[in-house]
Amino acid sequence: MLTGNGKKMACVTGGSGYIASALIKMLLEKGYAVKTTVRNPDDTAKNSHLKDLQALGPLEVFRADLDEEGSFDDAVAGCDYTFLVAAPINLTSQNPEKEVIEPAVRGTLNVMRSCVKAGTVRRVILTSSGASIIRRPELQGDGHVLDEESWSNVEYLTTHKTGFWAYPVSKVFLEKAANRFAEEHGISLVTVCPVVTVGAAPAPMSRTSVPNCLSLLSGDEAEFAVLRGIERSSGVVALVHVEDLCRAEVFVAEKEAAVGRYLCCSLNTTIVEQARFLAHKYPQYGVKTNLLSGDLLEKPRVCVSSAKLVKEGFEYKYKTLDGMYDDMVEYGKALGILPN
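The rules behind each value
The residue count restarts for each chain, going from 1 along the sequence in the order it is written. The predicted nature of this model means local features are confined to residues of pLDDT at least 70 and side-chain atom pairs, given and counted, to a pLDDT of 80 or more, with totals for whole chains, interfaces and linings taken over all residues. Water and hydrogen atoms play no part in the side-chain values, which are based on all heavy atoms of the structure. UniProt positions are given in the numbering used here, feature names are shortened, and annotations may be inferred rather than shown by experiment. Nonpolar core, defined: a set of buried Ala, Val, Leu, Ile, Met, Phe, Trp, Tyr and Cys residues in which side-chain atoms within 4.5 Å join the residues together. A simple rule labels every residue: compare its accessible area, found with a 1.4 Å probe on the protein chains alone, to the largest value its type can have, and call it buried under 20%, exposed over 50%, or partly exposed in between. Strands here mean DSSP runs of E at least two residues long; helices mean DSSP runs of H or I at least four residues long; both are numbered from the N terminus. Should any heavy atoms of two residues lie within 4.5 Å, those residues are considered in contact. Two strands are counted as paired when DSSP detects at least two bridges linking them. Working convention: axes come from line fits to C-alpha atoms, limited for helices to the stretch in contact. Angles between N-to-C directions cover 0 to 180 degrees. Whenever two N or O atoms come within 3.5 Å, that pair is a polar contact, provided that in protein one can donate a hydrogen and the other can accept it, and provided that, for residues adjacent in sequence, both atoms are side-chain atoms. Aromatic rings from Phe, Tyr and Trp, with only the six-membered ring used for Trp, were paired whenever their centres fell within 6.5 Å, and each pair was classed as stacked if the ring planes differed by under 30 degrees, edge-to-face if by over 60, and tilted otherwise. As a reminder, the over-ring test applies to NZ of lysine and CZ of arginine, requiring each to be within 6 Å of the ring centre and within 35 degrees of the ring normal.

- The chain is annotated in an unreviewed UniProt entry as NAD-dependent epimerase/dehydratase domain-containing protein from Urochloa decumbens.
- Looking at the Pathway (unreviewed entry) heading of the UniProt record, one finds this comment for the chain: "Secondary metabolite biosynthesis; flavonoid biosynthesis."
- In the Sequence similarities (unreviewed entry) part of its UniProt record, the chain is described as follows: "Belongs to the NAD(P)-dependent epimerase/dehydratase family. Dihydroflavonol-4-reductase subfamily."

**Focus on the nonpolar core**
Moving on, step 1. The biggest cluster of nonpolar side chains holds 80 residues, and the ones touching the most others in it are Val12, Leu27, Phe83, Leu217, Leu239 and Tyr325.
Moving on, step 2. Per-element tally for this core: the top contributor is helix α1 (residues 18-29), with nine residues.
Moving on, step 3. Discounting residues that sit within four places of it in the chain, Leu27 has contacts with Ala10, Val12, Tyr32, Val34, Phe83 and Val250.
Moving on, step 4. Ranked by size, the runner-up nonpolar core spans 27 residues in total, among them Ala33, Ala75, Ala182 and Leu189.

**What about the sheet that holds strand β8 (residues 196-198)?**
Moving on, step 1. Spatial strand order, β8-β9-β11: three strands in an open sheet with mixed pairing. Each edge of the open sheet is held by one strand with a lone partner, namely β8 and β11 (267-269). Adjacent strand axes in the sheet meet at a mean angle of 35°, parallel and antiparallel pairs treated alike.
Moving on, step 2. The pairing of β8 with strand β9 (residues 237-241) spans three bridges and is classified as parallel. Among the inter-strand pairings, Val198 is bridged to a residue of β9, identified as His241.
Moving on, step 3. Contacts between helix α11 (residues 242-254) and the sheet are confined to β8 and β9, with β9 contributing the most and set at about 70° to the helix.

**Observations concerning the environment of Ser305**
Moving on, step 1. Among the secondary structure elements, Ser305 is positioned in the loop between β12 (302-304) and α13 (307-311).
Moving on, step 2. Judged by relative accessible area, Ser305 falls into the buried class, the value being 15%.
Moving on, step 3. Separated by 37 residues in the primary sequence, Ser305 and Asn268 place their C-alpha atoms 8.8 Å from one another.
Moving on, step 4. Discounting residues that sit within four places of it in the chain, Ser305 has contacts with Val145, Leu146, Asp147, Glu148 and Leu263.
Moving on, step 5. Engagement of the side chain of Ser305 in a polar contact is seen with the backbone nitrogen of Ala307, the distance being 3.2 Å.

**Things to note about the packing of aromatic side chains**
Moving on, step 1. Evaluation of the coordinates by the stated rule reveals six aromatic pairs.
Moving on, step 2. Between Phe277 and Tyr282, the ring centres sit 6.5 Å apart and the planes meet at 85°, which makes this aromatic pair edge-to-face.
Moving on, step 3. Since its relative accessible area comes to 15%, Phe277 is described here as buried.
Moving on, step 4. Judged by its relative accessible area of 7%, Tyr282 is buried.
Moving on, step 5. Aromatic side chains Phe277 and Tyr325 sit 5.8 Å apart centroid to centroid with 40° between the ring planes, which places their arrangement in the tilted category. Here Phe277, found in helix α12 (residues 271-281), pairs with Tyr325, found in helix α14 (residues 321-334); they are 48 residues apart in sequence, far enough to count as distant. We note that Phe277, like Tyr325, is buried.
Moving on, step 6. Between the NZ or CZ atom of Lys161 and the centre of the ring of Trp165, over which it lies, the distance is 4.8 Å.

**So, the sheet that holds strand β3 (residues 59-63)**
Moving on, step 1. What the seven strands build is an open sheet, ordered β3-β2-β1-β4-β5-β7-β10; its pairing is parallel. With one partner strand each, in any of the chains shown, β3 and β10 (260-264) form the two edges of the open sheet. Across this sheet, the average inter-strand angle for adjacent strands is 20°, counted without regard to direction.
Moving on, step 2. Of the pairings in the sheet, the one linking strand β4 (residues 81-84) to strand β5 (residues 123-127) comprises four bridges and is parallel in character. Paired with Tyr81 across the bridge in β5 is Arg123.

Laid out in structure tokens, this is it:
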């Protein structure tokens, strides 16, 4: 559905978030009219970047809450594409079933119900996570290739409950619920599963991957513990630049033949490889080698494959640590994670 000025319209949920902010920017630069949702439009600390992005093109901000059915109706109305990016992230929850898994599924379906009501949405693009694919402890041997056919081992995760287990479980459940809903209601659904996402974005805060990946320079032990947990639980630190992720999201939205899941990963690395690179590239910070004790991998034990996306014509722009970290260090300074 074209707007009055002939632009395609897209809804991006969770506009205050890191990935969503970068996606909104890209869509506006590509000539889309964009609607986005935030939980509290009056929270200027979280949403100041949206005002800046309005200078790039037509961007409307709506209040919506994943827990409230119908609250996305206005934001989705009239849109050609809906990008589901908002998701509850709570890695320290005391009750993960109630606070992480159930809200993730419920929120996804709430937005999809609004898409059905709108009647204009040509495709829903669900941003899930590589976490729904790579938590496979039974495959922790060298040389395993994981692609879209792989699902994280929910039975193992819910039994052992180790290392942020609820997050991958929530992603598996919400993907499967979204697929069932899409089939029942005749919705074209494509799912993108990004791995650890890095690089600079318009959002004035990043709660997840950026501080994790800058922890070797910042010395933040809690953030480094998350990075170590990712490597330990999946056998690899798989990375993608946020710009490549957003390009991939738009690519699968616009490509008629796109179908199913798409793993979005351009580099399989390890903490040790990152530490060596950072020590060489940013000597002024000094890599915090005291963090590097214990059972760190020399080489990735699994390969997260993005071959499906590439085979369909997508090209990654950032394939090296150099490219990944280039704007992220500046972003880290702007966010106060690194000293200026």
